[in-house]
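So the chains spell out like this:
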Amino acid sequence: MFSRPLTPDQRRILDTLNVAAQPMDEMFAVRLERHFGELYEGLTAVYPDPKTMLGPLLEIMRQHYRERPADLKRLDLERTLAKDWFQRPEMIGYVCYTERFAGSFKGVEKKLDYLQSLGVTYLHLMPFLKPRPAPNDGGYAVMDYRSVREDLGTMDDLQSLATKLRQAGISLCCDLVLNHVAQEHEWAVKARLGDPKYQRYFYMFKDRTLPDQYERTLPEIFPDFAPGNFTWDAQAQRWVWTTFNAWQWDLNWANPEVFLEFADLILWLANKGIEVFRLDAIAFIWKRMGTNCQNQPEVHAITQALRAVARIVAPAVLFKAEAIVAPDDLIQYLGQGVHFGLVSDTAYHNSLMVQIWSSLASRDTRLMAQALRGFPSKPYTTAWNTYLRCHDDIGWAIADDDAAAVGLSGEAHRRFLSDYYSGRFPGSQARGLVFQENPRTGDRRISGSGASLAGLEQALEHGDMQGANLALERLLLGYAIVLGFGGIPLLYMGDELALLNDYRYLEEPEHAMDNRWVHRPRMDWAKAHRAQSDPHSIEGRMYHALRHLIAVRKSTPHFHASIEAEILEPKNPHVFAYVRRHPLGNLVALYNFSEEPQYYPLGQLAERGLTQPFDRISAKSIAVSGGLVRLEPFARLWLTQGEG
Ligand code: GLC
């Protein structure tokens, strides 16, 4: 990140603060000095009177700094010296629901060896802060950010788990829902009772005048279960802004009190051992009339200020943006212009995920190459979170322009993908479910596990072993890209065993309505054991092949996330190719998206310095005669020069 000198004005304000305060720990003082400019700039861009926020904010920061445990302070120091710690090829993420993976926090402690055998260094446990009673959007409706779900354990258990994970070299990631709280949260309860202080924490309206005006430009996130963006609250006699479900109340970030609450909360959780904050639905936190109320500039100024707070008190901490938005908007979350390198450290690469599924369906990589080649480049201090599946549905974020550039209609291609992955398209092997069909826009999002979308469920049902093989190859191809693109790859629990859709959600009253639960399976430990003991079983093949890819990635310096993948022009429409230019030499990755063998010109490799291409995955040299590389069906190659 670039550092900027303080302006004379900022210097004066900081000096006044220092003088007024009690003696400061030297480390704290140095970091405050270092990041004060970023903090103050962020606040000034959003709040009319930032100076009045500094007193209480500094108090919060000092308190948490004082209380920060010694082992975390040491981690702070380590990471200030090795700022690229999260960009290294050794980083491997794993995402799971605590209860579905291991029952409880204590249960997760017992599964550390499993995570370590996969090479995991980063663990995202799905929402575990105390949610409202079901329904609660899989925990994304939090009623108390300072306690945890009772069925998972206590705060002490969480803290102990975080410590054990850290000792095992695994960073714990926690969801931080910034946009809304449950209507049962203390702030909302007080607001409902008419307390004006807390009514200012939310967007509440006496009548429909303003809500109607906002609605003109607002999209609907859950058109099926929660149409509209406002909900009438009979108790408060007000319309409340509720972007997601009616019981998820949007917070008013224009209120400085809300900022202070979250600064306090982040530091408090960081002191419990949380190392990564997944900033849930961050795109939505600022509202502006006449817009879709997403990606507003204030979002980035607020993030910058919060990030500076964390950098001063707990620099070991990482921010991860959950912004599923268009590329030009997305890149802002990693910092552009004045925010370069000053906001989130990582962000989900939604487009890469969508394009992998799109190319698997079409067997054609031209749209993928077009979309990813046009992708804005990210700050070198940040990293993408690459993934193939997550707990959410897949929305077909295919830009019309990109589609047109390769001779497709965006609308028709999106329709094709929904048809394909819901199994309606003739010849499709996928078993997905349509999520949130929107008749107004024609949108049909897709739920389903990676393996079921890749065709494994259908193949097994038909006893089609060749189909099952192809499905595994598809899944491995997808994961090879996730692991080899650059960034923090996120393995979604169950994919390492090729777990299928889990239809039991239909019998669970609190889940039956929301088919995203079809791809939120329970861990199948019997399969996990079989995978380890029988490498020829389906799960064993997936598990061992994935573990091998992980091991190769970890020993390949070219995957450091400071470097970006440069997408190559598709010389063969079925082959996706990119180069990663590293000081040690180039790495070219090739992926065959079709069921047929394909050929790729060797000249393309030679032009990038690979005259003796060596595939790091198979640990074999590539035959250089004949001018073409042969790629087996769904082959993936990570090529470097010689045997390096
Ligand atoms: C994020 C979560 C999603 C949730 C939404 C509202 O998009 O990933 O599961 O429904 O935020 O909190």
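Heads up: these notes are all about the structure in this document. (Residues numbered from 1 in each chain as written. Predicted model: local features only at pLDDT ≥ 70, side-chain atom pairs only at ≥ 80, totals over all residues. Heavy atoms only, no water.)

Looking only at helices and strands, one finds 24 helices and 25 strands in the protein. For the protein, the C-alpha radius of gyration of 25 Å lies close to 26 Å, the compact-globule estimate for 644 residues. Its C-alpha atoms give the protein principal-axis dimensions of about 75 × 50 × 50 Å. Within the span of the protein, comprising 644 residues, buried residues form 62% of the whole. Within the protein, contacts between residues separated by at least 24 positions form 72% of all contacts whose residues are at least 6 apart in sequence. (Helix = DSSP H or I, 4+ residues; strand = E, 2+ residues; numbered from the N terminus. Rg over C-alpha atoms; globule rule 2.2 N^0.38 Å. Buried < 20%, exposed > 50% of the residue type's maximum accessible area, 1.4 Å probe, protein only. Contact = heavy atoms within 4.5 Å.)

Attention now goes to the sheet that holds strand β7 (residues 204–205). Ordered by their spatial adjacency, three strands build an open sheet running β7-β9-β8, and the pairing between neighbours is antiparallel. Each edge of the open sheet carries a strand with a single partner, namely β7 and β8 (230–233). Bridging between β7 and strand β9 (residues 238–241) involves two bridges; their strand directions are antiparallel. Bridging across to β9, M204 finds its partner in V240. (Pairing = 2+ DSSP bridges.)

Among the six residues in strand β25 (residues 636–641), five count as buried, and that is most of the element. Here strand β20 (residues 585–592) pairs with β25 via four bridges, running antiparallel. Bridging from a neighbouring strand, L590 pairs with L637 of β25. Summarising the sheet, strand β22 (residues 613–615) and β25 pair through three bridges and their orientation is antiparallel. Within the sheet, the bridge partner assigned to D615 lies in β25 and is L639.

The subject of this paragraph is helix α2 (residues 26–46). Taking 1.5 Å of rise per residue, 21 residues should cover 30 Å, and α2 covers 30 Å from first to last C-alpha, within 8% of that figure. The sharpest bend along α2 measures roughly 50° and falls at H35. All of the buried residues along α2 are F28, R31, L32, H35, F36, G37, E38, L39, Y40, G42, L43 and V46. At the N-terminal end of α2, a side-chain oxygen is found 2.8 Å from the backbone nitrogen of M27, two or three residues along, and the residue is D25. (Expected span 1.5 Å × (residues − 1). Bend = angle between axes of the 7 residues up to and from the residue. Polar contact = N/O pair within 3.5 Å; in protein donor to acceptor, adjacent residues only side chain to side chain.)

With respect to spatial proximity, the complete set of residues near the ligand consists of D137, Y140, H180, F222, F244, R278, D280, E322, H391, D392 and R516. At 2.4 Å, a side-chain N or O of D392 approaches an oxygen atom of the ligand. Its residues assigned to classes, the shell around the ligand shows three nonpolar, two polar and six charged. (Near = heavy atom within 4 Å. Nonpolar A, V, L, I, M, F, W, Y, C, P; charged D, E, K, R; others polar.)

Taken as a whole, this structure holds 52 salt bridges when the rule is applied. Two residues, K130 and E150, come together in a salt bridge whose shortest N-O distance is 3.7 Å. With K130 in strand β3 (residues 129–131) and E150 in the loop between β4 (142–148) and α8 (155–167), this pair connects stretches of sequence that are 20 residues apart. On the basis of relative accessible area, K130 is assigned to the partly exposed category, the value being 25%. According to the relative accessible area criterion, E150 is exposed, its value standing at 65%. Within the structure, one salt-bridge network assembled from shared partners comprises R100, D502, R504, E508 and R522. (Salt bridge = Lys/Arg side-chain N within 4 Å of Asp/Glu carboxyl O.)

This paragraph deals with the packing of aromatic side chains. Taken as a whole, this structure holds 44 aromatic pairs when the rule is applied. Note on F36 and Y40: the rings are 5.7 Å apart at their centroids and 15° apart in plane angle, and the pair reads as stacked. Of this pair, F36 and Y40 both sit in helix α2, four residues apart, roughly one helical turn. Pairing F222 with F225 gives two aromatic rings, centres 5.1 Å apart and planes at 45°, and the pair type is tilted. A residue is classified by how much of its surface remains accessible, and F225, at 23% relative accessible area, is partly exposed. (Phe/Tyr/Trp six-rings, centres within 6.5 Å; stacked < 30°, edge-to-face > 60°.)

So, to be careful, I would describe these as geometric facts and stop short of saying anything about function.
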